[in-house]
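Structural overview for review
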Amino acid sequence: MSDDLFSEQSTNIIADSPTLEPDDKSLPGLSFEITNTPETATEVCSLGRRIVDIFYVFEQIKKCIHEGGFGCTFMDMEFVREIRFGLRSQFLFTCKMCKINIKIESEKKVPATYLPVNLAAISGSISIGIGYSQLEEILASTDIPCMSSSTFLSGQEEISDKIHCIAQEAMRLAGEEERRLAIEENELDIDGIPMCTVVADGQWSKRSYKTKYDALSGVVNTIILRYTYF
C-alpha cells in the first residue's frame, strides 16, 4: 500500500513492537506513515463512535470515482484502517474490484466556517471549567476515543490565547464607551480624568484533594452605576 495516501501522518510503524525503525532492512512487508502535522496520528481499529461532519462525508463518497472499467462503486469498497488525529479521523478504503485506494475524512482539516473538532471540544471544556480528565470521561461514556493529553494541552494554549485577546478587546471597547458617557455627564476628577462608579464581584473555584486544584475558569461581574437626577 502506497505511503502517499497519508501524507499528513507522523512516523508510525504498523507493527506490534513500538521499537522498530523504518530503515530496518530485516523487516519486509511493513508499511510506514509519514506526516509533518503537529497533531499526533494514531492508527487504530475502528471501534466505537466518531464525531463527523456528515455532509462532508457524504460529499466525499459521492466524489468517489472508479476508473478501472469494472463498473464498481463505493459499495465495492472495503474498509482497511483508520488514522486518528485526536477527534478527527481519516478512513482508508480499498476497492475489491479495481484495487483503487481512497481516503474519507471525518471533517476538513481546516474547516472554513467552524472550529475544527479538536479545538471545539477544548473550547467547550474551557467554557464549562473542566479539564482533560473530565473530557476523557465524557467521551468514554459515549464510546468516542479521546484525543491525547498533549493534543489537548496544545489546543488549550491556542484557545486560551484567543480568548484572552477577545476579552481584552471587549474590555477596551467597554472602557471607551464608559469614558464617553462619563465625559457627557461631566463626571471628571480635579485633573479632568473621566470617572465612573462600579460594583464588582467575582468567583474562582478553588478546591483541595490533598493537592491544590483550581478551576480552569472563573467569572467577574462589573456593574456600572449611573444616577439619574430629576
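Residues numbered from 1 in each chain as written. Predicted model: local features only at pLDDT ≥ 70, side-chain atom pairs only at ≥ 80, totals over all residues. Heavy atoms only, no water.

Here we come to the overall build of the protein. On a plain count of helices and strands, the protein comes out with four helices and eight strands. Buried positions account for 29% of the 230 residues belonging to the protein. (Helix = DSSP H or I, 4+ residues; strand = E, 2+ residues; numbered from the N terminus. Buried < 20%, exposed > 50% of the residue type's maximum accessible area, 1.4 Å probe, protein only.)

One turn of an α-helix holds 3.6 residues; hence residues three or four places apart share an orientation. Every buried residue belonging to helix α3 (residues 132-141) is among Y132, L135 and L139, and all of these are buried. Along the long axis of α3, the arc covered by the buried residues comes to 65 degrees, so they all point the same way. Exposed residues on α3 whose side chains face more than 90 degrees from its buried face are E137, A140 and S141. Check the buried side of α3 and you find it contacts α2 (117-128) and α4 (149-184). Phi turns positive, to about 65 degrees, at D143, one or two residues after α3. (Arc of directions from axis to C-beta. Contact = heavy atoms within 4.5 Å.)

Below, the discussion takes up a nonpolar patch on the surface. A surface patch of nonpolar side chains, amounting to about 400 Å² of accessible area, comprises V52, I54, F55 and F58. Mapped onto the elements, F58 comes out in helix α1 (residues 54-62). F58 sits in the partly exposed class, given a relative accessible area of 43%. (Patch = residues over 30% accessible without salt bridge, like charges linked within 9 Å, V, L, I, M, F, W, Y side chains within 5 Å. Areas by Shrake-Rupley, 256 points an atom, 1.4 Å probe, with all protein chains shown as cover. Salt bridge = Lys/Arg side-chain N within 4 Å of Asp/Glu carboxyl O.)

Ranked by internal contacts, the top residues of the largest apolar core, which has 14 residues, are L87, I122, L135, L139, C146, M147 and F152. Elements represented by at least two residues in this core include exactly α2, α3 and α4. Considering each element in turn, this core owes the most residues, five residues, to α2. With residues near it in sequence (within four places) discarded, L139 still touches L87, I144, P145 and C146. (Core = buried A, V, L, I, M, F, W, Y, C linked by side-chain atoms within 4.5 Å.)

Attention shifts here to the state of the cysteines. A full pass over the atoms with the stated rule returns zero disulfides. Of the cysteine sulfurs around C95, a residue in no disulfide, the closest is that of C72, at 3.6 Å. On the basis of relative accessibility, which here comes to 0%, the residue C95 falls in the buried class. C98 carries a free sulfur, and the closest cysteine sulfur to it, the one in C72, is 3.6 Å from it. (Disulfide = S-S within 2.5 Å.)

Turning our attention to the confidence of the model for the protein. Of the residues in the protein, 73% reach a pLDDT of 70 or more, and the chain-wide mean stands at 78. Averaged over each element, pLDDT in the protein is lowest for strand β1 (residues 12-13) (34) and highest for α3 (93). When the criterion is pLDDT under 50, residues 1-37 qualifies, and its contacts beyond four places in sequence or with other chains add up to 70 contacts. (pLDDT = per-residue confidence, 0-100.)

So, about the pairing of strand β4 (residues 77-85). Note that β4 and strand β5 (residues 88-95) share eight bridges and pair antiparallel. Within β5, the position partnered with M77 by the bridge is C95. Counting the residues between successive antiparallel strands, the hairpin from β4 to β5 contains two residues, one of them, G86, with a positive phi of roughly 70 degrees. (Pairing = 2+ DSSP bridges.)

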